[in-house]
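So the chains spell out like this:
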Amino acid sequence: MTSTLPPVNHSGSKTTLPSLRSGRSERSRTTASKRQSLGRLAGIEKADVSGYRNSYKHNLSLSILQDGYVSSFIELFELFDKQNEQIKNADSESGDVEVQLLIDQHDKLDFLKTKLIAAEDSRRCGAPDKAYDAYLELAHYFEQFPSDQWLIDHFHERCMAESNQVDDDGRKQAEANFYIGVALEKRGDLSAAIDFLEKFFTLTTDQDWQNKEGEHLHDNAAIQLYKTYTCLAEEVYEESPPLSIEYLKKAYQMAKEGGNKTEAGMASHRLGNIYEAVGDPQVATMYHKGYLDRCKRDKDKVGMGKAYEALGRCQTSEGKIEEALESYKEFVNIAKDQGQKEVYSQACSALADLYNMLGDYGHAVEYFEKAAENMETDDQERLQLMNISLAIARSHNTLQSYSLAILHNTPRLTASLVEWKDYRDDGFIMASRPATRAESIISGSATPTKEGGDTCSTPSKEQ
């Protein structure tokens, strides 16, 4: 017979053991509550804790997405991928390349986020002009960082895309072409820059658009093209002088179109110089005269001096010696009035060369001496050339009187020749003549003079 044990609980109810899980949950809630209390005391919320725990890239992305700007999020990551691809290509072409990643530059990322969101907001509101402005701000912002040229290009392209959506008769599109052209010019890609600047010029034709400073965009387009054509002409001159001339002609037309008379004059002067260089002094003279006329109207004395110097060269090449003589005299007078010693020296030297060519050796010596005295250079080669030119002119100047004395062969002339020979040194320089500055610099001291003696002169025809 089986016996039955009495119940443990005399009341007859079931006994429930305490749950271990419920104990742990209670302790977890207590711990979490304490942590939250401590966090609140420290001023840190849960989101802040995540912010410290996660990377800057993660937090930035999360912030953009939480605000609902998916397009901005996508464009930002496209930029990350684009830079990585560029670095990969650069490494394969030229070895290791050290580049600071955009993702590690937090100030730039903050500015990017702000403007990308502004552009997306503008598109949602149907305001592509505002989106254009946001992208343009980004392009200008990255111009201060030389290594971020790829970002400048990217945002200029975005500006161009937005400009096509703006209904303003093409003004934004014109400006987008201008900014791309200028950016290309700054990096030296002149041929590509010309294409965009010419579009800018075309789009602004017959438009009365002005910038914030009140300048007409069409005039700005002309002047910018003038500058770029001029640079391109200099770049291609060695390889193709005819092509260089064509670019300079375009530059000249653009300067006139832009209403800048000073720049038009300089363009004319450059054309004259290049025609002179390729052996066409007649056409060169035409452009130099145009430059001279503009300088006279502007009362530009320095420019007038340059013009007269260039005209003197061209007129000499054409055989118009009397005209060249007058041009060089004007050049000398202007340089003297302006107090430009080195330019005055060059002008005197040019005039002396012409007198020497004409056989007027007395004037040649006079102006070579002025040129030597006013030289402001320590270039030994130039100083020596000046002294050689001066010595040759003096020799020529002496030759006529010397030859007459030999031909007449009178006792008096013979005595004069003997006396003259006593006063010159081995270099055929008169002993009592003071040294020019050019001679003093080369020798290191003044040429000694004969004590108590007058300046020696060559025999005259009267002797």
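Refer to the preceding data block for the structure.
Predicted model only: the values in this text are computed from it and were never measured. Residue numbers here run from 1 along each chain, matching the order of that chain's written sequence. Note on the predicted model: pLDDT of at least 70 is required for a residue's local features to be given, and 80 or more for side-chain atom pairs to be given and counted; whole-chain, interface and lining totals, by contrast, use all residues. The side-chain figures draw on all heavy atoms in the structure; neither hydrogens nor water molecules are used.

**A look at the packing of helix α15 (residues 321-338) against helix α16 (residues 341-358)**
Condition: Lines fitted to C-alpha atoms define the axes here, with helix axes fitted over just the stretch in contact, and angles between the N-to-C directions of these axes take values from 0 to 180 degrees. Runs of H or I in DSSP of at least four residues are treated as helices and runs of E of at least two as strands, each being numbered from the N terminus. Each angle receives one of four descriptions, namely roughly parallel if under 35 degrees, roughly antiparallel if over 145, roughly perpendicular if within 65 to 115, and oblique otherwise. Whether a crossing is left-handed or right-handed is set by the direction in which the near helix is turned from the far one by less than a right angle, anticlockwise for left-handed and clockwise for right-handed. Any pair of residues with heavy atoms lying within 4.5 Å of one another is described as a contacting pair. In this classification, Asp, Glu, Lys and Arg are treated as charged, Ala, Val, Leu, Ile, Met, Phe, Trp, Tyr, Cys and Pro as nonpolar, and every other residue, Gly included, as polar.
Contact geometry for α15 and α16: axes closest at 8 Å, N-to-C directions at 155°. In terms of their interaxial angle, α15 and α16 are classed as roughly antiparallel. Considering how the two elements wind past one another, α15 and α16 form a crossing that is left-handed. Of α16, the residues touching α15 (which contributes I321, A324, L325, Y328, K329, F331, V332, A335 and K336) are V343, Y344, Q346, A347, C348, A350, L351, L354, Y355, M357 and L358. When grouped by side-chain class, the residues that make up the contact of α15 with α16 number 17 nonpolar, one polar and two charged.

**Things to note about the side chain of E342**
This is how it is decided: With a 1.4 Å probe rolled over the protein chains alone, any residue whose accessible area is under 20% of its type maximum counts as buried; one over 50% counts as exposed, and the rest are partly exposed. Polar contacts here mean pairs of N or O atoms no more than 3.5 Å apart (in protein, one a potential hydrogen donor and the other a potential acceptor; neighbouring residues in sequence count only if both atoms are side-chain atoms).
Tracing the backbone shows E342 in helix α16. By relative accessible area, which is 16% here, E342 ends up buried. At 2.7 Å, the side chain of E342 forms a polar contact with the side chain of R382. When sequence neighbours within four positions are dropped, the list of residues in contact with E342 reads N374, M375, E376, T377 and R382.

**Quick notes on helix α11 (residues 241-257)**
Just so we agree on the cut-off: Under the convention used throughout, the expected extent of a helix is 1.5 Å for every residue step, that is, one less than its residue count.
Taking 1.5 Å per residue as the helical rise, α11 with its 17 residues ought to reach 24 Å, and the 24 Å between its terminal C-alpha atoms agrees with that figure. Every buried residue of α11 is accounted for by S244, I245, Y247, L248, A251, Y252, M254 and A255. If you follow the buried residues of α11, they end up packed against α9 (190-204), α10 (217-236), α12 (261-277) and α13 (281-298). Looking one or two residues beyond α11, the residue adopting positive phi is G259, at roughly 75°.

**Structural notes on the packing of helix α7 (residues 149-163) against helix α8 (residues 171-186)**
The N-to-C vectors of α7 and α8 enclose an angle of 165°; their axes lie 8 Å apart at closest approach. Classified by the angle their axes make, α7 and α8 are roughly antiparallel. For the pair α7 and α8, the crossing hand works out as left-handed. Residues H156, C159, M160 and S163 of α7 lie in contact with α8, whose contacting residues are K172, Q173, A176, N177, Y179, I180 and A183. Here the residues of the contact of α7 with α8 are counted per class, giving six nonpolar, four polar and one charged.

**Quick notes on the side chain of S268**
Here S268 is to be found in helix α12. Residue S268 is classed as buried on the basis of its relative accessible area, which comes to 2%. Once residues lying within four places of it in the same chain are set aside, the contact partners of S268 are Y252, Y287, G290 and Y291.

**Here's the deal with the nonpolar core**
Here is the rule: Among the buried residues, those of types Ala, Val, Leu, Ile, Met, Phe, Trp, Tyr and Cys that are joined through side-chain atoms within 4.5 Å form a nonpolar core.
Formed by 34 residues in total, the largest nonpolar core has its most connected members in V332, L351 and Y367. Secondary-structure elements contributing two or more residues to this core are α13, α14 (301-317), α15, α16, α17 (361-373) and α18 (380-408). Apart from the residues within four sequence positions on either side, V332 is in contact with Y344, A347, C348, L351 and Y367. One finds V182, L217, A233 and I245 within the second-largest nonpolar core, a separate group that totals 33 residues.

**Looking at the packing of aromatic side chains**
Our working rule: Aromatic rings from Phe, Tyr and Trp, taking only the six-membered ring of Trp, are treated as a pair when their centres fall within 6.5 Å; an angle between ring planes under 30 degrees marks them as stacked, one over 60 as edge-to-face, and anything in between as tilted. Two limits define a charge over a ring: the Lys NZ or Arg CZ must be within 6 Å of the ring centre, and within 35 degrees of the ring normal.
Under the definition given, this model contains 14 aromatic pairs. On the numbers, 6.2 Å between centres and 25° between planes, the contact of Y229 with Y247 is stacked. Within this pair, whereas Y229 is found in helix α10, its partner Y247 is found in helix α11, the two being separated by 18 residues in sequence. Just as Y229 is buried, Y247 falls in that class too. Site record: aromatic cluster; members linked through ring pairs are F111, Y135, Y141, F142, F145 and F155. Directly above the ring of F145 sits K108, whose terminal nitrogen or CZ lies 4.1 Å from the centroid. Here the basic side chain of K199 rests over the ring of F196, its NZ or CZ set 5.4 Å away from the ring centre.

**A look at the pattern of salt bridges**
To keep things clear, this is the line we draw: Salt-bridge detection follows one rule: a side-chain nitrogen of Lys or Arg within 4 Å of a carboxyl oxygen of Asp or Glu.
Applying the stated criterion across every chain, the model contains 14 salt bridges. When the shortest N-O distance is used, the salt bridge between R158 and E75 registers 3.2 Å. In this pair, R158 is assigned in helix α7 and E75 in helix α4 (residues 70-94), connecting sequence segments 83 residues apart. Put simply, R171 and E175 hold a salt bridge, and the shortest N to O gap is 3.0 Å. One end of the pair, R171, and the other, E175, are both in helix α8, four residues apart, so they sit about a helical turn from each other. Taking the relative accessible area as the measure of exposure, R171 reaches 24% and is therefore partly exposed. If you follow the salt bridges from partner to partner, you end up with E276, E309 and R313 in one network.

**Points about a nonpolar patch on the surface**
Note the following rule: Distance thresholds for patches are 9 Å for like charges and 5 Å for nonpolar side chains (Val, Leu, Ile, Met, Phe, Trp, Tyr), applied to residues having over 30% relative accessible area and no salt bridge. Here the accessible surface of atoms and residues is derived via Shrake-Rupley with a 1.4 Å probe, and residues count as covered only by protein chains that are part of the display.
Together, L65, V70 and I74 give the surface a local cluster of nonpolar side chains, amounting to about 240 Å² of exposed area. With respect to the helices, strands and loops of the structure, L65 is situated in helix α3 (residues 56-66). For L65, a relative accessible area of 39% puts it in the partly exposed group.

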